[in-house]
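Descriptive analysis of the structure
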Amino acid sequence: MEVQTIMVVGAGQMGSGIAQVCAMAGYDVILHDLKEEFIDRGMNIIRKNLQRQIQKGVLTEESIQQILNRIATSTDLQNAQKVDLVIEAAMENMDVKTTLFSQLDKIAPDHTILATNTSSLPITEIAAATNRPEKIIGMHFMNPVPVMKLVEIIRGLATGDEVYAAIHTITEKLNKIPVEVNDFPGFVSNRILMPMINEAVFTLYEGVATKEAIDEVMKLGMNHPMGPLTLADFIGLDTCLYIMETLHEGLGEDKYRPCPLLRKYVKAGWLGRKTGRGFYEYK
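Residues numbered from 1 in each chain as written. Predicted model: local features only at pLDDT ≥ 70, side-chain atom pairs only at ≥ 80, totals over all residues. Heavy atoms only, no water.

All right, on to the pairing of strand S4 (residues 85–88) then. Residues in a regular strand point their side chains to alternate faces of the sheet. Of the two faces of S4, the one carrying Leu85 and Ile87 and the one carrying Val86 and Glu88 are both buried. When strand S1 (residues 5–9) meets S4, the two strands line up parallel, connected through four bridges. Across the sheet, the residue bridging to methionine 7 is valine 86, located in S4. Pairing geometry for S4 and strand S5 (residues 113–116), over four bridges, is parallel. Note on S5: the bridge partner recorded for isoleucine 87 is alanine 115. Following the backbone out of S4, through helix H4 (residues 94–107) and into the adjacent parallel S5, one traces a crossover that is right-handed. (Buried < 20%, exposed > 50% of the residue type's maximum accessible area, 1.4 Å probe, protein only. Helix = DSSP H or I, 4+ residues; strand = E, 2+ residues; numbered from the N terminus. Pairing = 2+ DSSP bridges. Right-handed = clockwise from strand over helix to strand, strands pointing away.)

As a further point, take the UniProt feature "domain: 3-hydroxyacyl-CoA dehydrogenase NAD binding" (unreviewed entry) in the protein chain. Mapped onto this structure's residue numbering, the UniProt feature "domain: 3-hydroxyacyl-CoA dehydrogenase NAD binding" (unreviewed entry) falls at residues 6–183. Note that residues 6–183 is 41% helix and 21% strand, and that its end C-alpha atoms are spaced 24 Å apart. (UniProt positions renumbered as here; feature names shortened; annotations may be inferred.)

Counting across every chain of the model gives 13 salt bridges. The salt bridge involving aspartate 161 is made with arginine 155; its shortest N-O contact spans 2.8 Å. Aspartate 161 sits in the exposed class, given a relative accessible area of 58%. The exposure class of arginine 155 is partly exposed, given its relative accessible area of 22%. Between arginine 155 and glutamate 180 there is a salt bridge, with its nearest N and O atoms 2.9 Å apart. Of this pair, arginine 155 sits in strand S7 (residues 150–155) while glutamate 180 sits in strand S8 (residues 177–181), and the two are 25 residues apart along the sequence. (Salt bridge = Lys/Arg side-chain N within 4 Å of Asp/Glu carboxyl O.)

A separate point is the side chain of aspartate 84. The residue aspartate 84 is located in the loop between strand S3 (71–74) and S4 in this model. Of note is the side chain of aspartate 84, whose polar atom sits 2.9 Å from the backbone nitrogen of glutamine 4. A polar side-chain atom of aspartate 84 sits 2.8 Å from a polar atom in the side chain of histidine 111. Setting aside anything within four residues of it in sequence, one finds aspartate 84 in contact with Glu2, Val3, Gln4, Thr5, His111, Thr112 and Ile113. (Polar contact = N/O pair within 3.5 Å; in protein donor to acceptor, adjacent residues only side chain to side chain. Contact = heavy atoms within 4.5 Å.)

Backbone-to-backbone hydrogen bonds join strands into a sheet, with any given pair of strands oriented parallel or antiparallel. As summarised here, the arrangement of the eight strands in space is S3-S2-S1-S4-S5-S6-S7-S8, forming an open sheet in which the pairing is mixed. Two strands lie at the open edges of the sheet, namely S3 and S8, each paired on one side alone. Taking each pair of neighbouring strands and ignoring which way they run, the sheet shows an average axis angle of 25 degrees. Pairing between S7 and S8: five bridges, direction parallel. Considered in S8, the bridge of valine 151 is made with proline 178. (Axes fitted to C-alpha atoms, helices over the stretch in contact; angles between N-to-C directions.)

In this chain, asparagine 143 is followed by proline 144 through a cis amide linkage whose omega measures 0 degrees. Even without being glycine, phenylalanine 187 reaches a positive phi, approximately 55 degrees. Here phenylalanine 187 is to be found in the loop between S8 and helix H7 (189–205). You can call phenylalanine 187 buried: its relative accessible area is 4%.

Here glutamate 216 is to be found in helix H8 (residues 211–222). In the structure, glutamate 216 is positioned 57 residues away from threonine 159 in sequence and 43 Å away in space, judged by C-alpha atoms.

Another aspect to go through is the nonpolar core. The biggest cluster of nonpolar side chains holds 39 residues, and the ones touching the most others in it are Leu31, Leu85, Ile87 and Phe141. Per-element tally for this core: the top contributor is helix H1 (residues 13–24), with six residues. Ignoring any residue separated from it by four or fewer positions in sequence, one finds leucine 31 in contact with Val8, Gly10, Ala11, Gly15, Ala19, Ile39, Met43, Ile46, Ile71, Ala72, Thr73 and Ser74. Judged by nonpolar contacts, the second largest core, of 23 residues, contains Met194, Ile197, Ile214 and Ala232. (Core = buried A, V, L, I, M, F, W, Y, C linked by side-chain atoms within 4.5 Å.)

It is worth spelling out H8 at this point. With twelve residues, H8 should reach 16 Å at 1.5 Å per residue; the first-to-last C-alpha distance of 16 Å fits that figure. Residues of H8 that are buried: Ile214, Asp215 and Met218. Within H8, the buried residues cover an arc of 95 degrees as seen down the axis, which keeps them to one side. Residues Leu220 and Gly221 are exposed on H8 and point more than 90 degrees away from its buried face. For H8, the elements touching its buried residues are H7 and helix H9 (228–235). Once H8 finishes, asparagine 223 follows within two positions and takes phi at roughly 65 degrees, a positive value. (Expected span 1.5 Å × (residues − 1). Arc of directions from axis to C-beta.)

Quick look at the structure:
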């Protein structure tokens with residue numbers, strides 16, 4: 001199963017990073033989103049990331065131009081007719097993803113693999129929205145994509161062995177490390193990470209310590225590169241809340257109940273770095 005052209009659906013932080021690493025690995029890429037302004041923002045993220053590689057002496061201006069030349073842009077989903085693999089990096093919402101996969105199933109060629117970058121949602125349920133469940137798979141990249149090595153690969157109930165093998169090989173070509181994970185809510189990464197973040201929010205909510213103290217304890221005492229509340233701001237508090245709700249609903253245990261303070265911040269629009277305020281303020 002040979003893959004030459006990849007469509008990335010969603011030009012946000014994750015989608016632009018995925019498009020960048022695919023182009024750097026030599027694949028022809030179509031970066032798709034709903035509006036030109038979203039595409040422009042995504043391409044600017046890619047250019048800034050690549051420019052940093054020049055400063056580090058990793059890339060040259062010529063090699064950057066070659067990478068950018070491999071990325072075409074799209075606001076028409078019909079362009080999925082031309083691709084061998086789609087990697088969806090849209091909003092973390094089941095209705096959005098099932099609608100999108102149903103559309104892609106009708107547009108993309110029969111051989112095309114449809115992968116989702118979901119961080120918590122069931123692959124099997126997404127696959128059920130298509131007539132090709134054997135070609136649906138999860139590719140959960142970590143943020144920031146150009147830096148982080150891990151990709152969780154998640155089979156749905158019907159995912160074919162040939163499809164898994166192809167995605168495993170592609171992941172290695174992207175200079176990433178593939179790790180196979182079963183189709184459970186949150187997979188491995190977020191099933192462990194998000195309850196830790198949620199517990200840090202409860203620790204703040206209950207007045208055990210200040211946000212700065214909580215983050216310092218985890219950085220200095222547990223050797224984490226950043227504290228859990230800083231990390232939550234980086235991920236986005238709305239994303240953290242949605243994943244906790246997915247865990248709570250999917251696993252049915254009270255230990256996954258989202259902290260009321262997390263809900264309050266999301267309702268206030270304090271979503272972290274992307275809105276300028278979360279647990280911390282950003283200028």
